[in-house]
Amino acid sequence: LGSVIAYFTSAKFLLYLGHALSTWGDRMWHFAVSVFLVELYGNSLLLTAVYGLVVAGSVLLLGALIGDWVDKNSRLKVAQTSLIVQNSSVILCGVILMVIFLFKTQLLTLYHGWLLTLCYILVITIANIANLASTATAITIQRDWIVVVAGEDRSKLADMNATIRRIDQLTNILAPMAVGQIMTFGSPMIGCGFISGWNLMSMCVEYLLLWKVYQKTPTLARKSTKVEASELKQLNAKKESDVKPAEGVQLIIEKDASGFEPQQEKEVGCLARIAEPFITFRDGWVAYYNQPVFLAGMGLAFLYMTVLGFDCITTGYAYTQGLSGSVLSLLMGASAVTGIMGTVAFTWLRRKCGLIRTGLISGVAQFACLILCVVSVFMPGSPMDLTVSPFADISARLFENEPLPTIASPEPEMIFATGMPNLLNGSIAPANGDPEMSPEPVPLISVSLLFAGVIAARVGLWSFDLTVTQLLQENVIESERGIINGVQNSMNYLLDLLHFIMVILAPNPEAFGLLVLISVSFVAMGHIMYFRFAQKSLGKQLFVCHTPDPKAAPDSSPPGNTSTV
């Protein structure tokens with residue numbers, strides 16, 4: 001009993017609990033805000049697309065700056081500030097959305113609808129601030145606090161990383177289901193109120209949990225904020241630039257003492273402040289490039305350039321191929337199960353083969369499963385036809401003055417609420433429900449192989465993700481953890497943005513097979529990069545599998561690593 005109480009009061013468990021609360025709120029909000037924006041804009045995806053673009057662009061541009069801010073401030077201040085900003089932004093967004101839902105008709109008539117447009121801009125802006133604060137929270141808790149709490153024990157760090165991912169997998173499925181039920185049986189306004197109330201309560205509890213973890217782990221109070229001379233090799237070599245400003249300041253002081261103009265110092269300071277964000281951005285990307293685990297990080301980022309995941313794109317394609325909402329929800333549940341299996345596989349493989357070899361095995365497993373997706377492109381039922389213009393259907397409708405169809409949303413409730421085609425019978429039926437106009441049922445062998453490959457590949461995907469995460473934790477020096485992980489987030493968002501652009505250029509189902517082939521190619525390139533990293537790190541010992549020391553794990557650190565973790 002004493003050991004159970006000790007576990008539930010330990011810093012590790014409190015960190016899990018805080019992460020679960022934070023992730024639950026995040027997943028509810030990310031699910032709901034897209035639905036709210038679709039609902040507000042007449043069942044159009046325009047606002048949702050704008051929101052996604054703003055979020056991706058912001059993290060891409062500001063990822064390094066957010067990471068630098070994390071590095072330069074105390075751990076408790078960073079965690080508390082990002083927590084308060086994130087939850088306050090969501091609460092404010094929820095209140096604004098409630099006002100819009102209540103008074104939308106009146107807002108449409110005021111100032112020719114410009115006031116409503118201003119409200120939309122305000123919601124997207126504040127929601128973006130919430131996402132940036134969420135990014136800061138993820139960097140500081142998942143990339144820094146967890147390393148300090150684990151201490152020198154790398155096996156403990158691996159177990160904690162795996163547990164964090166299991167929490168992510170469960171909340172990814174359960175949180176949208178919970179808020180979806182509230183919105184279905186209540187109303188969007190009730191959903192807004194529930195999410196705002198949840199975030200207010202969660203913010204108070206998470207704040208207390210962070211403080212408890214901070215008290216139970218004294219080493220969190222000690223943080224390296226100054227870059228040592230040996231660590232400057234991973235940043236820009238700025239010896240001369242460091243000397244010149246010092247000489248300039250001395251010269252200005254001398255001038256001031258002699259009665260010369262003192263304004264120059266203010267001018268230099270002002271210019272330096274203006275240039276500082278750009279210098280930080282550049283230094284962050286250069287430092288990321290110079291990391292010993294750069295190729296591993298790039299390999300992970302390349303996995304984001306894919307349509308082979310359970311996002312709105314793959315879900316929309318599944319609807320066009322005759323899968324029902326109920327079947328799709330079961331497939332999403334299965335993907336969560338295989339994702340959790342991937343976290344279990346990671347901890348077992350790491351103990352047996354070491355961290356770097358775990359990444360290799362995971363990569364091979366993921367790629368082998370994705371071969372099923374490649375095969376599905378050429379199987380019966382695949383709509384692949386590259387002779388069809390991607391924009392033929394849109395052009396025809398525009399010239400014939402027909403209304404454009406509403407794009408399928410990933411949520412089954414949204415599909416049936418907005419009058420989308422009913423796909424429960426396993427075939428595609430027209431929106432008017434006329435059975436005489438129904439086409440022949442689409443053979444499901446192609447789409448079945450596609451989703452079999454996607455679901456099975458998640459075992460290797462999440463094991464690989466955990467491998468690269470721990471490599472970054474172990475091999476990036478403490479004073480650069482924030483900025484390096486900020487740049488890693490930017491790289492992930494960049495490739496994710498490119499995959500959306502790829503879909504925009506080829507949006508029709510006939511081109512989806514080509515997108516699958518391109519996606520598998522990018523996954524292959526990512527794993528080739530990781531293989532090159534592993535080859536540099538382990539050399540001739542690459543394929544020699546042995547049971548490492550669970551604490552030392554010597555083969556998990558590339559040559560030249562300066563980390564003491």
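Residues numbered from 1 in each chain as written. Predicted model: local features only at pLDDT ≥ 70, side-chain atom pairs only at ≥ 80, totals over all residues. Heavy atoms only, no water.

> Looking at this model, I keep getting lost on helix α11 (residues 312-320). Mind explaining?
For the α-helix, the turn length of 3.6 residues means that residues three or four positions removed from each other point alike. With seven of nine residues buried, α11 lies mostly within the body of the structure. Where α11 is concerned, the buried positions are I313, T314, T315, G316, Y317, A318 and Y319. After α11 finishes, the residue G322 shows a positive phi value of roughly 95°. (Buried < 20%, exposed > 50% of the residue type's maximum accessible area, 1.4 Å probe, protein only. Helix = DSSP H or I, 4+ residues; strand = E, 2+ residues; numbered from the N terminus.)

> For this particular structure, what's the right way to read the pattern of salt bridges?
Close approach of charged atoms allows side chains of opposite charge to pair. The full count for this structure, using the stated rule, is nine salt bridges. For the salt bridge of E276 with K72, the shortest nitrogen-to-oxygen distance reads 3.6 Å. Of this pair, E276 sits in helix α9 (residues 263-289) while K72 sits in helix α3 (residues 46-72), placing them 204 residues apart in sequence. A salt bridge links R165 to D465; the nearest nitrogen and oxygen atoms lie 2.7 Å apart. You can see R165 sitting in helix α6 (residues 154-185) and its partner D465 sitting in helix α16 (residues 445-475), a full 300 residues away along the chain. Just as R165 is buried, D465 falls in that class too. Residues participating in the shared-partner salt-bridge network are R75, D144, E478 and R481. (Salt bridge = Lys/Arg side-chain N within 4 Å of Asp/Glu carboxyl O.)

> Mind showing me how you'd approach the packing of helix α13 (residues 355-377) against helix α18 (residues 512-538) here?
Following both chains from N to C, one finds α13 and α18 inclined at 165°, their axes separated by 10 Å at the closest point. Classed by the angle they form, the pair α13 and α18 counts as roughly antiparallel. Both α13 and α18 take part in a crossing whose hand is left-handed. Along the lines of polarity and charge, the residues of the contact of α13 with α18 split into 18 nonpolar, six polar and one charged. (Axes fitted to C-alpha atoms, helices over the stretch in contact; angles between N-to-C directions. Parallel < 35°, antiparallel > 145°, perpendicular 65-115°, else oblique. Left-handed = near helix turned anticlockwise from the far one by under 90°. Nonpolar A, V, L, I, M, F, W, Y, C, P; charged D, E, K, R; others polar.)

> Would you mind going over the state of the cysteines with me for this structure?
Cysteine pairs can be covalently joined through their sulfur atoms, and such a bond is termed a disulfide. As enumerated under the stated definition, the model contains zero disulfides in all. No disulfide involves C93; its nearest neighbouring cysteine sulfur is the one of C192, lying 9.2 Å away. (Disulfide = S-S within 2.5 Å.)

> Can you walk me through the nonpolar core in this structure?
As a rule of thumb, soluble globular proteins bury nonpolar side chains together. Within the largest apolar cluster, 65 residues are counted, with the highest numbers of intra-cluster contacts made by V307, L308, F451, V516 and Y530. In this structure, this core is formed jointly by two domains, domain 1 (1-221) and domain 2 (290-390 + 443-539), each of which donates at least three residues. Residues I96, I124, A150 and I164 belong to the second largest nonpolar core, which totals 57 residues. (Core = buried A, V, L, I, M, F, W, Y, C linked by side-chain atoms within 4.5 Å. Domains from an automatic or database assignment.)

> Just to check I follow, could you spell out a nonpolar patch on the surface for this structure?
A cluster of nonpolar residues, Y41, L46, V50 and V54, forms a patch on the protein surface that exposes about 300 Å² of accessible area. Positionally, V54 belongs in helix α3. According to the relative accessible area criterion, V54 is partly exposed, its value standing at 31%. (Patch = residues over 30% accessible without salt bridge, like charges linked within 9 Å, V, L, I, M, F, W, Y side chains within 5 Å. Areas by Shrake-Rupley, 256 points an atom, 1.4 Å probe, with all protein chains shown as cover.)

> Would you explain the side chain of S22 in this entry?
Assignment of secondary structure puts S22 in helix α2 (residues 11-40). A relative accessible area of 13% places S22 in the buried class.

> How do you make sense of the confidence of the model for the protein when you look at a structure like this?
In regions of low pLDDT, the predicted coordinates are not meant to be interpreted in detail. In this model, the protein carries an average pLDDT of 80, and 78% of its residues clear a pLDDT of 70 or more. Across the protein, element-level confidence peaks in helix α10 (residues 294-302) with a mean pLDDT of 97 and bottoms out in helix α15 (residues 412-417) with 34. (pLDDT = per-residue confidence, 0-100.)

> Looking at this model, I keep getting lost on the packing of α2 against α3. Mind explaining?
To describe two helices that pack against each other, one gives the angle between their axes and the distance between the axes. Remark: α2 packs on α3, axes separated minimally by 7 Å, with the N-to-C direction vectors making an angle of 140°. Between α2 and α3, the angle falls in the class oblique. Taken together, the residues of α3 that come into contact with α2 (itself represented by W29, H30, V33, S34, L37 and V38) are L47, T48 and Y51. Looking at the contact of α2 with α3 residue by residue, the class counts come to six nonpolar, three polar and no charged. (Contact = heavy atoms within 4.5 Å.)

> What is the right way to read the environment of R282 from this model?
Examined against the element boundaries, R282 turns out to sit in helix α9. Owing to a relative accessible area of 41%, R282 belongs among the partly exposed residues under this scheme. Taking the C-alpha atoms as reference points, R282 and L65, separated by 217 residues in sequence, lie 10.0 Å from one another.

> Just checking my understanding: could you explain the side chain of Q291 for this structure?
Within the secondary structure layout, Q291 lies in the loop between α9 and α10. Judged by its relative accessible area of 5%, Q291 is buried. Here E480 takes part through its side chain, which lies 3.1 Å from a polar atom of the side chain of Q291. (Polar contact = N/O pair within 3.5 Å; in protein donor to acceptor, adjacent residues only side chain to side chain.)

> When you look at the packing of aromatic side chains in this model, what are you seeing that I'm missing?
When we look at a pair of aromatic rings, we describe it by the centre distance and by the angle of the planes. In total, this model carries 15 aromatic pairs according to the counting rule given. Judged by centre distance (6.2 Å) and plane angle (20°), the ring pair of W211 and Y214 falls under stacked. With W211 and Y214 both in helix α7 (residues 188-216), this residue pair falls three residues apart, about one helical turn. Residues F464 and Y530 carry aromatic rings whose centres are separated by 5.1 Å and whose planes lie at 75° to one another, so their mutual orientation is edge-to-face. Of this pair, F464 sits in helix α16 while Y530 sits in helix α18, placing them 66 residues apart in sequence. Put simply, the rings of Y7, F8 and F13 touch in pairs and so form one group of aromatic residues. (Phe/Tyr/Trp six-rings, centres within 6.5 Å; stacked < 30°, edge-to-face > 60°.)

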